[in-house]
Amino acid sequence: MIKKPMLPNEFNDLEVFAAEFALPTREARFQRRVESSMDQINAFYNAVTPKLDTVISYLDRVPLSELPSTDHSLLHLMLAYVDVSRVVEIMGAPDIHSGFDAGRLHIEDIAPI
Amino acid sequence: MNSPINAGLSAQKWTLQYPELGTGPLPHSPNTSAAYFEKEREKLFKKAWLLLCREDEVPNIGSYVVKQVSVLETSVLLVRGNDGVVRAFHNSCKHRGNKVVMGSGEKVGEDKGFMCGFHGWTYDLQGKLRSILDEEDFFELDKSKLNLKPIHCELWRGFVFINAMDKPKQTLAEYLGDWGKSIEPFPFERFELVNVYSSTVGCNWKIALDAFQEGYHALTLHGKTAGGVFTPKDNPFAHLINVKLYPEGHRHASFPANTEFVPSASVQLGIKHAGNNIYAYSEADASRNLAGLNQAGSPEWSFDINVIFPHVQFLASDSFYVTQSFWPISVDQCYWELRQYLPKSESVSGRIAQQNSQAALRDVIREDLVTLENTQTVLRSGAIEQMQLNDSEILVRHSYKKVDEWINSPD
């Protein structure tokens, strides 16, 4: 059985990153970021960056509260993109050098998606 | 652009404007002495107005939250009554003291009243005793004395403050004083809560607070995460560009911004869809200078730090506000909670922009937190007696002085 794509057809060239990065919770996306290699992160970042305006225009066609569930994975992919873009543009490494244990930092996410 | 206003502001020695503070070293003992901690409990935390939460946490009639407030040695039940008024009580049944809303940790709910799960006594949303199971089996009961014991509770701009005294020495408005008046017009309503961060940290609450009352650490600790956004050329160490210390103990300071700093692409994306960002600042003009902010009117301004005495830090700019509470648990333990508020957004692009600020704050906060236990563990022996404070650390100095004043107050 062919696995159903996670992303809308227009963006099927990003589908290769979906399983890895389009995770539904902020916690899962953060964990994926800090566990990824720079190669994986760079590949993802470089693939999405040229399409930013297109993806965002597509997602912005309805308010957040009306975003259909078929577009949720694409939004999760973009939220993951924002997370890893810090790594590429500012930090140079998937995680901060020495910081408070992330496992001890309890985070309650109020945002809807 | 080198701003002459900013150059003048950042060249000042703010500490010298408050000669009563002195400029010498301060002792570490208030952070390591269990005896001092108990004095803080009895003479400061059990007497001051303490910020508990925002009234949004009890939005409807019958909404309640329970907060275990270790430093007050009680559990606080906050409830919105039938008359819409928010009230606070000791979460303790007048029968034999059991928690009316049981369990450890924070509780949230909505109900028409409360029933103690031990012997079934019930109370209404105003804390009044409603019924006692098998009442005839008791002897003389003065039911007028059996309502839930109230804790003084007042609101300011949607924030709920409590006071553990039987008769607070001041109203909340008097306690907040001129600091409160200066911040009152800030448009809190424009922002929405997006995250709550919390952790127990193995350090004195003041060690934790201090880490967030100065920017001297920004270059070193956040060099790789926050970039050069806070250090303009004419102010390379991010000296404060405004400081105001209040007699009630509150304090306020403004931080500089490097308006020539070019934000990275994803931060620019955040700005494009939210108008602004925690880590990028355009020249401060009327649109950025929301009421209560940037009181010196500097064009190279990033955000303001406020501290509501004794233990709440409140950061604000046009692009976010944050509240941080440093709740004492013991001399070397505290409970830290941070609430991040970002501009309200209904669009998907706005949500993506919010994520940029959330992700950045998370990395930076973990850098701030790591120094806290590192500091406390090595101070414990008492072998190192003093700390040295520079002018940029004036808020730290003010904090120790004001805490000490309350500890040593005769009443």
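Structure: see above.
Summarised in this report is the structure supplied together with it. Since this is a predicted model, take the numbers as computed values, not measurements. (Residues numbered from 1 in each chain as written. Chains lettered and ligands numbered in written order. Predicted model: local features only at pLDDT ≥ 70, side-chain atom pairs only at ≥ 80, totals over all residues. Heavy atoms only, no water.)

## Concerning the interface of chain B and chain A
Part 1 of the argument: Taken together, the contacts link 38 residues of chain B with 40 residues of chain A.
Part 2 of the argument: Carbon and sulfur atoms supply 56% of the area buried between chain B and chain A, which totals about 3,600 Å² over both sides.
Part 3 of the argument: Taken as a group, Arg-351, Arg-362 and Arg-366 of chain B account for 22% of the area that chain B buries against chain A, more than any other trio of residues on that side.
Part 4 of the argument: Counting across the interface, chain B meets chain A through six salt bridges.
Part 5 of the argument: Among the salt bridges present, the one from Asp-363 of chain B reaches Arg-86 of chain A, with a minimum N-O distance of 2.9 Å.
Part 6 of the argument: Our enumeration of links across chain B and chain A arrives at 21 residue pairs in polar contact (both at pLDDT 80 or more).
Part 7 of the argument: Listed by contribution, the elements that provide at least two residues to the side of chain B that touches chain A are strand 12 (191–201), helix 6 (265–274) and helix 7 (348–379) of chain B.
Part 8 of the argument: For the side of chain B that touches chain A, the element with the highest residue contribution is helix 7 of chain B, accounting for 16 residues.
Part 9 of the argument: Residues belonging to the side of chain B that touches chain A are distributed by class as follows: 15 nonpolar, 14 polar and nine charged. (Contact = heavy atoms within 4.5 Å. Buried area = accessible area lost by both parts, 1.4 Å probe. Salt bridge = Lys/Arg side-chain N within 4 Å of Asp/Glu carboxyl O. Polar contact = N/O pair within 3.5 Å; in protein donor to acceptor, adjacent residues only side chain to side chain. Helix = DSSP H or I, 4+ residues; strand = E, 2+ residues; numbered from the N terminus. Nonpolar A, V, L, I, M, F, W, Y, C, P; charged D, E, K, R; others polar.)

## Thoughts on the side chain of Ser-199 of chain B
Part 1 of the argument: The topology assignment puts Ser-199 of chain B in strand 12.
Part 2 of the argument: Here the side chain of Ser-199 of chain B touches Arg-104 of chain A through a polar contact of 3.1 Å, landing on its backbone oxygen.

## Looking at the sheet that holds strand 15 (residues 301–308) of chain B
Either a parallel or an antiparallel arrangement is found when strands of a sheet pair, and the pairing is made through backbone hydrogen bonds.
Part 1 of the argument: The strand order 1(A)-12(B)-18(B)-17(B)-16(B)-15(B)-14(B)-13(B) describes an open sheet built from eight strands, whose pairing is antiparallel. Each having just a single partner strand, strand 1 (106–109) of chain A together with strand 13 (242–245) of chain B make up the two edges of the open sheet. Here the strands of the sheet are splayed against their neighbours by 15 degrees on average, with no regard to which way each runs.
Part 2 of the argument: Relative to strand 17 (residues 321–330) of chain B, strand 16 (residues 312–316) of chain B runs antiparallel, the two being bridged by five bridges. Across the sheet, the residue bridging to Ala-316 of chain B is Tyr-321 of chain B, located in strand 17 of chain B. (Pairing = 2+ DSSP bridges. Axes fitted to C-alpha atoms, helices over the stretch in contact; angles between N-to-C directions.)

## Topic: the pattern of salt bridges
Part 1 of the argument: Under the definition given, this model contains 30 salt bridges over all chains.
Part 2 of the argument: Of the charged contacts in the structure, one is a salt bridge between Asp-13 of chain A and Lys-51 of chain A, with a shortest N-O distance of 2.9 Å. Highlighted residues: Asp-13 of chain A in the segment before helix 1 (15–21) and Lys-51 of chain A in the loop between helix 3 (38–48) and helix 4 (52–59), separated in sequence by 38 residues.
Part 3 of the argument: A residue is classified by how much of its surface remains accessible, and Asp-13 of chain A, at 41% relative accessible area, is partly exposed.
Part 4 of the argument: Here Glu-189 of chain B and Arg-157 of chain B are joined by a salt bridge, their closest N and O atoms 2.7 Å apart. Taken as a pair, Glu-189 of chain B in the loop between helix 3 (172–183) and strand 12 and Arg-157 of chain B in the loop between strand 10 (150–156) and strand 11 (159–163) lie far apart in primary sequence, 32 residues in all.
Part 5 of the argument: Residue classification places Glu-189 of chain B among the partly exposed positions, given a relative accessible area of 46%.
Part 6 of the argument: A relative accessible area of 23% places Arg-157 of chain B in the partly exposed class.
Part 7 of the argument: Each member of the salt-bridge network shares a partner with another, and the members are Glu-38, Arg-41, Glu-42, Lys-46 and Glu-73 of chain B. (Buried < 20%, exposed > 50% of the residue type's maximum accessible area, 1.4 Å probe, protein only.)

## Some details on unusual backbone geometry
Residue and element names in this part refer to chain B.
Part 1 of the argument: Between Phe-309 and Pro-310 the backbone carries a cis peptide bond, its omega angle lying at 0 degrees.
Part 2 of the argument: Mapping Pro-310 onto the fold places it in the loop between strand 15 and strand 16.
Part 3 of the argument: Phi at Asp-134 is positive, roughly 55 degrees, even though this residue is not glycine.
Part 4 of the argument: Position of Asp-134 among the secondary structure elements: in the loop between strand 9 (129–131) and strand 10.
Part 5 of the argument: Of the residues examined, Asp-134 reaches a relative accessible area of 52% and is grouped as exposed.
Part 6 of the argument: With phi around 45 degrees, Asn-294 is a residue other than glycine that occupies positive phi space.
Part 7 of the argument: Within the secondary structure, Asn-294 is located in the loop between helix 6 and strand 15.
Part 8 of the argument: Given the relative accessible area of 4%, Asn-294 is considered buried.

Nothing here speaks to function; it is geometry throughout.
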